Each structure stands twice: as structure tokens, then as C-alpha cells.
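Coordinate inspection notes
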Amino acid sequence: MKWRALNGLLVLALLGLLPTPVAAQSTPTPIQQSPARLDSAAQIATTATSAATLTLTPNGGESVYVYELDVQNCSNATGGTVGAVLSMTTTNISGSPAWTLGTGSTTAGALGGPGLCQQDISIKYPTGLRAQTPGTPVTFVLPTFAANQTIRVNVSWRSAPAQ
Amino acid sequence: MSMKRIVLTVIGLVLTSHLAFAQTAQVQQVPAHLDAATQVATSATSAATVTLTPNGGESVVIYELDVQNCANGSAVAAAAQTNITTTNLTGSPSYLIGSGTTAGACAQIFTLNWPTGLRAQAPGTAVTFVMPTFATNQTVRLNVAWRSAPIQ
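Since the model is a prediction, treat every value here as computed from it, not as a measurement.

**Brief notes about the pattern of salt bridges**
Enumeration over the complete set of coordinates arrives at 2 salt bridges over all chains. One salt bridge connects Asp 39 of chain A with Arg 37 of chain A, and the closest N-O pair in it is separated by 2.9 Å. Since its relative accessible area comes to 23%, Asp 39 of chain A is described here as partly exposed. One salt bridge in this structure joins Arg 37 of chain A and Asp 35 of chain B, with 4.0 Å as the shortest N-O distance. On the criterion of chain membership, the pair formed by Arg 37 of chain A in the loop between helix H2 (22–25) and strand E1 (43–47) and Asp 35 of chain B in the loop between helix H1 (3–25) and strand E1 (39–43) is interchain, its members lying in two chains.

Here is the structure:
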């Protein structure tokens with residue numbers, strides 16, 4: 001009887017059917033959820049209005065930190081009227097960065113032509129871009145759009161104490 | 001050596017080889033970041049709503065968003081711009097979408113990243129992305145990489 005049991009074990013072992021510690025060594029699924037990062041972006045300022053000013057106002061004594069900026073520059077069915085380049089400007093960011101934007105075109109199929117978006121800008125600041133002066137808003141000033149043009153700007157940011 | 005001893009030795013050798021295999025496969029793993037995005041919501045349906053529902057009491061945290069705006073085999077008639085709109089993100093951001101024109105071409109492709117995450121406004125509440133109504137022959141694809149997480 002013992003002999004038959006041993007033979008059975010041998011067959012199972014050769015077939016690889018005996019339990020081994022392999023299963024126990026697989027990586028366990030983490031149960032504890034990792035909380036959202038304290039430095040995650042908390043809000044997005046947005047506009048698609050000609051000559052609008054986006055104002056990012058920090059909490060008292062804190063600073064604005066910008067994490068992401070995106071722009072979509074599009075023409076409607078007619079196409080933006082060709083004109084001089086436009087600029088989106090800023091205040092309270094050291095260096096006063098600006099972004100250059102085209103007006104579009106009324107020529108079908110041309111860059112920025114009818115129904116087309118000529119610029120999709122996506123900029124990220126993985127560790128944040130800090131405002132120049134704490135306690136002061138940061139602004140993004142949109143240009144006056146050309147006829148038949150729309151520019152959408154989104155700015156992801158949060159208010160945080162400056163270290 | 002008795003037959004019993006031989007069989008036991010063979011069993012022992014087989015088990016040892018199993019362990020050896022297990023150990024060679026056990027090259028030290030680098031665990032995933034606990035704050036890695038865990039799912040991607042997607043849609044390419046006109047006027048669809050993409051809903052990101054967090055676990056109870058937790059918040060949606062978004063890490064990436066990408067859009068492809070393309071025309072199929074027939075040209076799209078140029079039309080007014082449309083928007084992908086959102087709910088439960090502070091500021092209610094929108095994303096401007098052109099109609100596109102050229103058959104077979106993608107007129108607009110963009111990717112947005114939030115390396116530290118973009119947190120929903122209200123915990124325990126879904127975040128939604130509402131797709132625009134597509135023009136004839138237009139398809140807009142949206143992907144949103146996110147996870148559900150407790151807020152500290």
C-alpha cells in the first residue's frame with residue numbers, strides 16, 4: 001500500500017502537479033490604496049473668449065503653482081482671417097513667458113483652414129511652475145481672436161505655500 | 001539501496017528542481033508605483049459621456065488625456081468648432097475640437113499629462129467627459145487615464 005502511494009507521488013511529481021511554493025511567491029495585490037498626492041493639481045482655469053484674462057488667485061500668503069497648460073487654436077467653417085501673429089501673455093511668472101498663436105486661414109485644407117485646428121499646445125511642469133510673487137495672482141491674457149477663430153486655454157494649477 | 005529509497009530520492013530531486021525553477025523566475029521585481037494610473041476610460045462615440053466613477057468616498061485622479069480627431073474615407077464638411085466638456089473638475093475645463101476636413105486624415109491629435117495627478121473637485125463623485133456631436137464622417141477618440149484614490 002505504502003509502495004503504491006509512493007509511486008503515485010512520483011508520478012504527480014514528474015507531471016509537475018505537486019504543490020510548490022511558487023504560488024506563495026507571487027506578488028500580493030496591494031490592499032492599501034495610495035492616497036492622491038498632496039501636490040496634485042486641484043483646479044483648472046479655462047476660457048475660450050477673445051481678449052479674456054484668466055486669473056489664478058492663490059490662498060492668502062500662498063503661491064500659484066502651474067502644472068499644465070494646453071491650448072487649442074481652431075477655425076470655424078469659414079476659417080480664421082489671415083493676420084499678424086497673436087500672443088498669449090502672462091503676469092507674475094518670472095520671465096513673463098508668452099506663447100505665439102497663428103490666426104488661421106480661409107483656404108480650404110490649409111493649416112488652420114476652415115474646420116481645422118492649427119495648434120494643439122500641451123505643456124507640463126512635472127514639479128510645478130511657481131509664481132514670482134507669493135500672495136499675488138498669476139494671469140494669462142488671451143489675444144483678440146481673428147474673425148472666425150477660437151482659442152481655448154486650460155491651465156491646471158493649485159495654491160500652495162512657497163517653501 | 002532499497003527501491004523505496006530510490007523512489008524517495010527521485011521525488012526529492014523533482015521537487016528540488018521545481019524549487020530551483022521557481023527561484024530563477026523570482027528575479028527581484030520592482031513594484032509598480034502605488035500612484036500609477038490603473039484604468040483608461042475611452043470613447044469614440046458621438047455625444048457620448050465618459051464616466052469615471054471612484055470607489056466610495058474616494059476621488060478620481062486623472063493622469064493623462066489624449067484626443068485623436070479624424071476623418072473617415074469621406075471628407076468632413078468644415079463646420080464650427082465643438083467642445084469636449086467636463087464635470088466635477090474645478091473650473092470645468094473644456095477642450096476645443098475642430099471639425100476636420102480631409103478624408104482619411106487626423107487633423108488634431110493632442111496629449112495632456114498631469115504627472116502628479118489632477119484631482120476631482122468633489123470626492124465620492126464621478127468625473128465626466130462629454131463628447132461633442134461629431135460632424136458627418138468625423139470620429140473623435142478620447143482616452144483618459146485615471147485611478148480612484150483616497151484624499152489626504
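**As for the packing of aromatic side chains**
Residues and elements named next belong to chain A. Using the criterion set out here, one finds 1 aromatic pair over all chains in the structure. Taking the centre distance of 6.2 Å and the plane angle of 20° together, the rings of Trp 99 and Phe 140 count as stacked. With Trp 99 in strand E5 (residues 99–101) and Phe 140 in strand E7 (residues 138–141), the pair connects residues that are 41 residues apart, well separated along the chain. One exposure class covers both Trp 99 and Phe 140, and it is buried. Positioned above the aromatic ring of Tyr 65, the side-chain terminus of Arg 158 is 5.8 Å from the ring centre.

**Re the nonpolar core**
Here is a general trend for soluble globular proteins: nonpolar side chains tend to be buried in one another's company. Counting residues in hydrophobic clusters, the biggest one holds 30 residues, and the most contacted among them are Leu 52, Ile 62 and Phe 129 of chain B. Where this core is concerned, the elements lending two or more residues are strand E3 (63–75) of chain A together with strand E2 (49–52), strand E3 (59–71), strand E5 (95–97), strand E6 (106–119), strand E7 (127–130) and strand E8 (138–149) of chain B. Formed by 24 residues, the second largest nonpolar core is a distinct cluster that contains Leu 54, Ile 121, Leu 142 and Ile 151 of chain A.

**A word on the state of the cysteines**
Under the counting rule described, the total for this entry stands at 2 disulfides over all chains. At a sulfur-sulfur separation of 2.0 Å, the disulfide partner of Cys 74 of chain A is Cys 117 of chain A. Classification of the bridge connecting Cys 74 of chain A and Cys 117 of chain A rests on its S-S torsion, roughly 100°, and on that basis the disulfide is right-handed. With Cys 74 of chain A in strand E3 and Cys 117 of chain A in strand E6 (residues 117–130), the pair connects residues that are 43 residues apart, well separated along the chain. On the basis of relative accessibility, which here comes to 1%, the residue Cys 74 of chain A falls in the buried class. Residue Cys 70 of chain B pairs covalently with Cys 106 of chain B via a disulfide, S to S 1.9 Å. Between Cys 70 of chain B and Cys 106 of chain B the disulfide shows an S-S torsion of about 100°. By sign, it is right-handed. Of this pair, Cys 70 of chain B sits in strand E3 while Cys 106 of chain B is found in strand E6, placing the two residues 36 residues apart along the sequence. For Cys 70 of chain B, a relative accessible area of 16% corresponds to the buried category. With relative accessibility at 41%, the residue Cys 106 of chain B sits in the partly exposed group.

**As for the pairing of E8 of chain B**
Each regular strand carries side chains that alternate between the two faces of the sheet. Residue and element names in this part refer to chain B. Here E8 lies mainly inside the structure; 10 of its 12 residues are buried. Here E1 pairs with E8 via 5 bridges, running antiparallel. Paired with Ala 41 across the bridge in E8 is Val 144. Examined bridge by bridge, E3 and E8 share 12 bridges and lie antiparallel to one another. In the sheet register, Cys 70 faces E8, and the bridge partner there is Thr 139.

Thresholds applied
- Residues numbered from 1 in each chain as written.
- Chains lettered and ligands numbered in written order.
- Predicted model: local features only at pLDDT ≥ 70, side-chain atom pairs only at ≥ 80, totals over all residues.
- Heavy atoms only, no water.
- Salt bridge = Lys/Arg side-chain N within 4 Å of Asp/Glu carboxyl O.
- Buried < 20%, exposed > 50% of the residue type's maximum accessible area, 1.4 Å probe, protein only.
- Helix = DSSP H or I, 4+ residues; strand = E, 2+ residues; numbered from the N terminus.
- Phe/Tyr/Trp six-rings, centres within 6.5 Å; stacked < 30°, edge-to-face > 60°.
- Lys NZ or Arg CZ within 6 Å of the ring centre and 35° of its normal.
- Core = buried A, V, L, I, M, F, W, Y, C linked by side-chain atoms within 4.5 Å.
- Disulfide = S-S within 2.5 Å.
- Pairing = 2+ DSSP bridges.

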